[in-house]
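Fold and contact review
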Amino acid sequence: MSSIDDSEIQRRNRFLELFLTHQSRIFRFIVSVVPRWVEAEELFQQTSLTLWQQWDEYDPALDFTAWACGIAKNHLRNYVRKKGNQCIFLGDEFLEQFAALQIEQQSYFDDLQSALDRCLERLSPLRRRLVHRHYGEKETIQAIAAREGRTPNAIYKLMRNIRKSLFDCVTAAVNSG
């Protein structure tokens with residue numbers, strides 16, 4: 001049985017630290033290009049595995065997200081090739097430009113996510129629970145209505161009000177920030 005030395009533990013920990021910090025950005029990049037959630041998740045898994053496999057080649061002087069999105073971009077190219085005419089709009093030039101734009105916009109997306117998190121915390125427990133059930137757990141409005149003892153129409157109206165409230169809150173937070 002072989003033991004892992006301290007440098008290997010540090011190397012693995014550094015990868016995990018960077019990966020966990022940036023995984024939402026990498027997934028956001030992939031899902032913004034790939035139309036189907038299941039396919040985006042599969043591409044994210046492939047990208048994650050490649051990141052680990054190529055970790056020794058990573059230059060710490062480079063931005064981790066840019067490096068990771070570059071690897072994701074290669075997986076996206078393969079995805080486009082497999083899909084053929086179904087992805088005619090996703091040529092290499094588009095992927096290059098889109099990747100550059102996504103990396104440029106990361107801080108803006110991070111600001112939006114932080115604002116949304118703060119705005120969600122301000123919601124009442126009932127409203128937060130409804131948002132979590134519908135968007136987090138993918139529960140239908142009908143199922144939520146049945147569980148809450150309300151009509152689906154009442155839940156639709158409440159969700160519309162919650163979305164408007166969150167939109168206004170996030171907009172105000174980003175514009176003031």
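What you see is a predicted model; the values in this text were computed from it and never measured.

1. A closer look at the overall build of the protein chain
Counting secondary structure elements, the protein chain contains eight helices and zero strands. When its helices and strands are written in sequence order, the protein chain yields α-α-α-α-α-α-α-α. For 177 residues, the compact-globule estimate of 2.2 N^0.38 gives 16 Å, and the C-alpha radius of gyration of the protein chain, at 20 Å, exceeds that figure by more than 25%. In terms of overall dimensions, the protein chain has a C-alpha envelope of 55 × 45 × 40 Å along the principal axes. Taking all 177 residues of the protein chain together, 35% fall into the buried category. Summarising the internal contacts of the protein chain: among those between residues at least 6 apart in sequence, 57% fall at separations of at least 24. A total of about 11,300 Å² of accessible surface is found on the protein chain, and carbon and sulfur atoms cover 53% of it. Of the side-chain charges in the protein chain, 24 are positive and 23 negative, and the distance between the mean point of each set is 12 Å.

2. Here we look at the pattern of salt bridges
Here the structure, examined in full by the defined rule, presents nine salt bridges. Put simply, R12 and E8 hold a salt bridge, and the shortest N to O gap is 2.9 Å. With a gap of four residues between them, R12 and E8 both fall in helix α1 (residues 6-31), about one helical turn apart. Salt-bridge contacts for K164 lead to D168; the nearest nitrogen and oxygen are separated by 2.8 Å. Taken together, the positions of K164 and D168, both in helix α8 (residues 152-176) and four residues apart, correspond to about one turn of that helix. For D168, a relative accessible area of 37% gives the class partly exposed. Several salt bridges converge on common partners, so that one network encompasses E8, R11, R12 and D56.

Cut-offs and rules
- Residues numbered from 1 in each chain as written.
- Predicted model: local features only at pLDDT ≥ 70, side-chain atom pairs only at ≥ 80, totals over all residues.
- Heavy atoms only, no water.
- Helix = DSSP H or I, 4+ residues; strand = E, 2+ residues; numbered from the N terminus.
- Rg over C-alpha atoms; globule rule 2.2 N^0.38 Å.
- Buried < 20%, exposed > 50% of the residue type's maximum accessible area, 1.4 Å probe, protein only.
- Contact = heavy atoms within 4.5 Å.
- Areas by Shrake-Rupley, 256 points an atom, 1.4 Å probe, with all protein chains shown as cover.
- Lys, Arg positive; Asp, Glu negative; His and termini not counted.
- Charge placed at Lys NZ, Arg CZ, Asp CG, Glu CD.
- Salt bridge = Lys/Arg side-chain N within 4 Å of Asp/Glu carboxyl O.

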